[in-house]
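Residues per chain, in single letters:
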Amino acid sequence: MATTAENGFKIEHLNVSYMSRGARVNALKDFSLSMKENESVGLLGESGAGKSTVGWAVLGMIEEPNIVTGSIGFGGENVLSMSKSELNEYRWKDAAMIFQGSLNTLDPLTTVGRSLVELLMYKHFCKTKEEAQELSLKTLQVLGLGESTMDAYPHQLSGGMRQRVAIAMAISTDPSMLIADEPTTALDTITQASILRLISKLRYEKRIRNVLFISHDVAVHAFLADRVIVMFRGRSVEEGSTKEVVKNPLHPYTKLLMSSVRIDSSKEAVIAPLGEEESSERGCPYLNYCPHAMAVCADSFPEVTTVTEGHTVACFLYGGK
Ligand SMILES: Nc1ncnc2c1ncn2[C@@H]1O[C@H](COP(=O)(O)OP(=O)(O)OP(=O)(O)O)[C@@H](O)[C@H]1O
Ligand SMILES: [Mg+2]
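Residues numbered from 1 in each chain as written. Chains lettered and ligands numbered in written order. Predicted model: local features only at pLDDT ≥ 70, side-chain atom pairs only at ≥ 80, totals over all residues. Heavy atoms only, no water.

(A) Representation of the environment of Glu-309 within the structure. Note that Glu-309 resides in the loop between strand 11 (305-308) and strand 12 (311-313). Assessed through its relative accessible area of 84%, Glu-309 is described here as exposed. Taking the C-alpha atoms as reference, Glu-309 lies 24 Å from Lys-29; in sequence the two are 280 residues apart. (Helix = DSSP H or I, 4+ residues; strand = E, 2+ residues; numbered from the N terminus. Buried < 20%, exposed > 50% of the residue type's maximum accessible area, 1.4 Å probe, protein only.)

Encoded structure:
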């Protein structure tokens with residue numbers, strides 16, 4: 001099994017275009033990300049920013065007629081060049097995903113135990129059914145679920161328990177990369193907090209190592225992500241340690257995001273409504289909403305500027321060319 005420790009995990013210049021009924025949607029534009037061993041990185045941005053698309057691309061799930069270019073390096077291999085059988089080997093054993101809305105997509109006609117056993121057998125992770133049953137039970141216990149959960153159907157479980165089962169499915173094969181797409185959205189606040197604490201505990205215990213957290217919620221990233229990438233309309237506009245980005249946001253869009261979660265009377269509010277307006281393909285996608293827009297912003301997308309160590313921004317206000 002490849003691990004991110006061997007040659008790390010690196011997305012370089014990823015472009016994804018969906019071809020839907022003759023129309024083209026450019027969901028990711030020149031998107032790059034790299035992750036160190038045992039790091040957790042968060043993707044933050046509003047609906048449609050392309051966050052889930054990053055996750056699907058990492059699992060090699062974007063197929064023709066959609067177009068993917070760039071590279072996704074995992075353990076020295078490019079995921080985008082893998083054959084079907086290589087992808088089948090890589091998915092779940094190397095990289096697994098808790099899909100957005102997964103707490104509602106567990107098979108309603110299959111017990112939790114059977115779903116887990118089928119996954120472990122299908123992925124050849126266990127040699128015998130007994131071994132798979134034992135591992136399923138152990139994994140559920142790690143997630144605070146009792147033995148009776150094995151025989152339960154999804155509708156017999158609460159939302160929080162179903163999300164724990166979805167996490168169990170994703171970590172049962174011991175992947176070195178876990179993509180968690182909106183793992184707490186749609187849960188009540190108390191259950192959200194318990195799931196966040198659980199994921200944090202799993203990381204602390206090294207039960208999960210590299211994690212790519214996808215959420216539109218700044219609080220989730222503040223709790224779980226070492227580093228955060230702010231995305232707007234398919235582009236990465238700012239990146240830095242979560243602490244630094246929350247405390248000292250640079251890009252006007254990040255400032256808007258932070259001001260919407262922070263009540264700070266000493267600072268002028270920068271909240272402006274974001275609409276469905278088509279953003280410029282050539283220039284900065286935030287151009288139409290930016291209170292600081294300049295002529296140059298319409299001409300090209302700014303290069304990434306390093307403002308302080310590890311804190312980068314793509315904005316002409318900071319000297320991007
Ligand atoms: N299969 C598809 N076919 C066509 N367009 C798609 C497809 N999947 C996603 N898109 C479009 O790609 C863009 C990025 O979508 P994506 O789901 O990655 O965003 P997101 O940041 O995860 O949003 P959300 O927060 O709502 O989950 C959106 O404009 C979306 O409508
Ligand atoms: Mg999404």
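(B) Representation of the pattern of salt bridges. All chains considered together, the criterion is met by eight salt bridges. Taking the shortest distance from any N to any O, the salt bridge between Arg-227 and Glu-39 comes out at 2.8 Å. Of this pair, Arg-227 sits in strand 9 (residues 227-232) while Glu-39 sits in the loop between strand 2 (23-35) and strand 3 (40-44); the two residues are 188 residues apart in sequence, bridging distant segments of the chain. For the pair formed by Arg-227 and Glu-39, the shared burial category is buried. Among the ionic pairs, Arg-114 bridges to Glu-118, the shortest N-O distance being 3.6 Å. Within this pair, Arg-114 and its partner Glu-118 are both found in helix 3 (residues 112-122), separated by four residues, close to a single helical turn. (Salt bridge = Lys/Arg side-chain N within 4 Å of Asp/Glu carboxyl O.)

(C) The arrangement of the side chain of Lys-29 in detail. Assignment of secondary structure puts Lys-29 in strand 2. Setting aside its immediate chain neighbours within four residues, Lys-29 contacts Leu-14, Asn-15, Arg-233, Gly-234, Arg-235 and Glu-281. (Contact = heavy atoms within 4.5 Å.)

(D) Here's a closer look at the site of ligand 1. By nearness alone, 14 residues border ligand 1, and Ser-47, Gly-48, Lys-51, Thr-53 and Gln-100 come closest of all. A distance of 3.0 Å separates an oxygen atom of ligand 1 from a polar atom in the backbone of Gly-50. Between ligand 1 and Thr-53 there is a distance of 2.5 Å, counted from an oxygen atom to a side-chain nitrogen or oxygen. For the shell around ligand 1, the secondary structure elements donating two or more residues are strand 1 (9-20), strand 2 and helix 1 (51-58). Its residues placed into classes, the shell around ligand 1 shows five nonpolar, seven polar and two charged. (Near = heavy atom within 4 Å. Polar contact = N/O pair within 3.5 Å; in protein donor to acceptor, adjacent residues only side chain to side chain. Nonpolar A, V, L, I, M, F, W, Y, C, P; charged D, E, K, R; others polar.)

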